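# Coordinate analysis (summary)
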Amino acid sequence: MKDIQVRYVCSGCGHVESKWAGRCPECGAWNSFEEETFVPEKKSGTKGASASAIDPSMKKLEEVSSDSAVRLASGYDELDRVLGGGVMIPSSVLIGGDPGIGKSTLMLEMLSYLSLNNDVLYVSGEESPGQVRQRGERLGLPLSNIYIYCDTRLEMLEQTIEKLKPRVVVVDSLQTLSTAAVASLQGSPNQVRACCFSLSMLAKKCGSAIFFVGHVTKDGNIAGPKIVEHMVDTVLYFETAENGIRLLRAVKNRFGSVDEIGLFEMDGRGLHGLKDPTEVFLLSREEDDLPPGIAFTSIVEGSRTFVVEIQALVVPAKSGLQRIYSDKVDAARVSRVAAILERHAGLKLSDQDIYVNVAGGVRLNDVSVELPLAMALYSSKMNRSLPGSLVSFGELSLAGEVRNVPFMERKIKASRDLGFKKVVAPYHRNSKSDDSFIAVKSVKSAVKSAFLL
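Our subject in this report is the structure included herewith. Residue numbering note: each chain is counted from 1, following its sequence as written. Totals for whole chains, interfaces and linings use every residue, but because this is a predicted model, local features are given only for residues with pLDDT of at least 70 and side-chain atom pairs only at 80 or more, for both listing and counting. Excluded from the side-chain calculation are hydrogens and water; included are all heavy atoms of the structure.

### Focus: the overall build of the chain
Broken down by element type, the chain carries 11 helices and 23 strands. The proportion of buried residues among the 453 residues of the chain is 48%. A separation of at least 24 residues holds for 66% of the contacts in the chain among residues at least 6 apart in sequence. Counting only carbon and sulfur atoms, one obtains 50% of the accessible surface of the chain, whose full area is about 22700 Å². Each helix is a run of H or I in the DSSP string that is no shorter than four residues. Each strand is a run of E no shorter than two, and both are numbered from the N terminus. Burial here depends on accessible area, computed with a 1.4 Å probe over protein chains only, as a share of the maximum for the residue type. Under 20% is buried, over 50% is exposed, and the range in between is partly exposed. Residues are treated as being in contact if the distance between any of their heavy atoms lies within 4.5 Å. In this description, accessible areas are obtained by the Shrake-Rupley approach with a 1.4 Å probe, and a residue is regarded as covered only by the protein chains that are shown.

### A word on the pairing of strand 12 (residues 246–253)
Of all 8 residues making up strand 12, 7 are buried, and the element is well covered by its neighbours. Looking at chain direction, strand 12 and strand 13 (residues 261–267) are connected through 4 bridges and run antiparallel. Across the sheet, the residue bridging to Leu-248 is Gly-262, located in strand 13. For two strands to count as paired, DSSP must find a minimum of two bridges between them.

### Points about the pattern of salt bridges
Any Lys or Arg side-chain nitrogen located within 4 Å of an Asp or Glu carboxyl oxygen qualifies as a salt bridge. For the structure on display, the rule yields 16 salt bridges. With a closest N to O distance of 2.7 Å, Glu-137 and Arg-133 form a salt bridge. With a gap of 4 residues between them, Glu-137 and Arg-133 both fall in helix 3 (residues 129–138), about one helical turn apart. Of the charged contacts, one joins Arg-269 and Asp-267 as a salt bridge, the two residues approaching to 3.5 Å between their closest N and O atoms. Overlapping salt bridges bring together Glu-78, Arg-81 and Arg-304 as one network.

### Thoughts on the side chain of Arg-135
Looking at the secondary structure, you find Arg-135 in helix 3. In contact with Arg-135, other than residues within four places in its own chain, are Ser-104, Thr-105, Leu-108, Tyr-122 and Glu-127.

### Considering the nonpolar core
To define a nonpolar core, start from buried Ala, Val, Leu, Ile, Met, Phe, Trp, Tyr and Cys residues and group those joined through side-chain atoms within 4.5 Å. Residues Leu-364 and Leu-377 are the most contacted members of the largest nonpolar core, which totals 60 residues. Tallying contributions element by element places helix 9 (residues 370–382) first for this core, with 7 residues. The contact partners of Leu-377, leaving out residues within four places of it in the chain, are Ala-312, Val-314, Val-337, Ala-338, Leu-341, Leu-347, Ile-354 and Val-356. Residues Leu-106, Leu-108, Phe-211 and Leu-271 belong to the second largest nonpolar core, which totals 33 residues.

### A word on the environment of Glu-309
Looking at the secondary structure, you find Glu-309 in strand 16 (residues 304–316). We classify Glu-309 as buried; its relative accessible area is 1%. When the C-alpha positions of Glu-309 and Asn-357 are compared, they lie 8.6 Å apart, and in sequence the two are 48 residues distant. Pairs of N or O atoms within 3.5 Å make up the polar contacts considered here, provided that, within protein, one atom can donate a hydrogen while the other can accept it, and that residues adjacent in sequence are counted only when both atoms are side-chain atoms. In terms of polar contacts, Glu-309 uses its side chain to reach the side chain of Gln-311, at 2.9 Å.

Here it is in structure tokens:
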């Protein structure tokens, strides 16, 4: 066809160029441009249309009914928490994660629970019906009410959904679908975008919830994230912690908070929600048997509050220049806290290598971890142990001040419920220092108070 044109789309961010380039000017990725063909849209002549003509489907927002939106329990409290209270009908959800982490298992177990009272459809583009059945039987799931469809043609899938009108659809995976309307290879950015958009609109039309399982690139991102993230209502990432615990995070959610995390553990019977995260993030020790470099802090993730263990190791630099090894706490934050300690607590760290870890493998982004991080660094450098009954939290300013952080009452309550007897926290107007609560204004006074206990 004469109208067909060629363009190049970045598989990482969706940036479009008319010519191939080695490096994407938008996201900086190398060799990420993929060729795709397209037919440019022709401008329709609308100049003669009456300006007073109004689309009859147009309504005022207050006239729109919201009664059709309902939530269904997925069978997993952890998944429901991350989704904002359950599976929203209608909606579209994109879930990604490393191969073998349990995406397909989670989706199949969710469908088996929902199939008890609803029509559900499992679309498998990578496995045969026999393979899916074998996995379900190995997990001991009821499979009699789950419909399975193994065709990667979008047009045929749309006809099946319109005929069956399932309550929940799982597409495993999105990259296996293709449509004849797009003249490009299966799995290309143009195919992924077209299939995702078409199925998302169809799900809303049929009153269904659709889950797309997405492949993950070598950089750990869902393939083509910027191409499809804006088309779906929710984006979930499945991660593996160092101890084998699976963490489910929401990076986008139109129906709930993105601060919630779901915790799962995998065994021979499938995935199971983790009820008490403290068992994972804290190692049982005697109060007087805490090694140097260990500090405890309380963090808030959505509606969940728990205590984690921060580990620090400070050793002489091998090359004479300081190096920081930290992937669970931002390395720039570790460097900043080390500089604050050196300037305001008299602790020389510029010629030391610093290693920081978080027990359980959870990544901490909360600013309240700065004070316990400073405690752990000081403890390791001085080779002195902190009290095993001590928990701390607070933000550090460059002037060495300890500043207030959100959810202080929740953090204090969670710490005391777990048996921690001492709390070091920022000073505020209503705070009163006593035997169990130590209000501090500076990192120097915080360190001094902690090691005098």
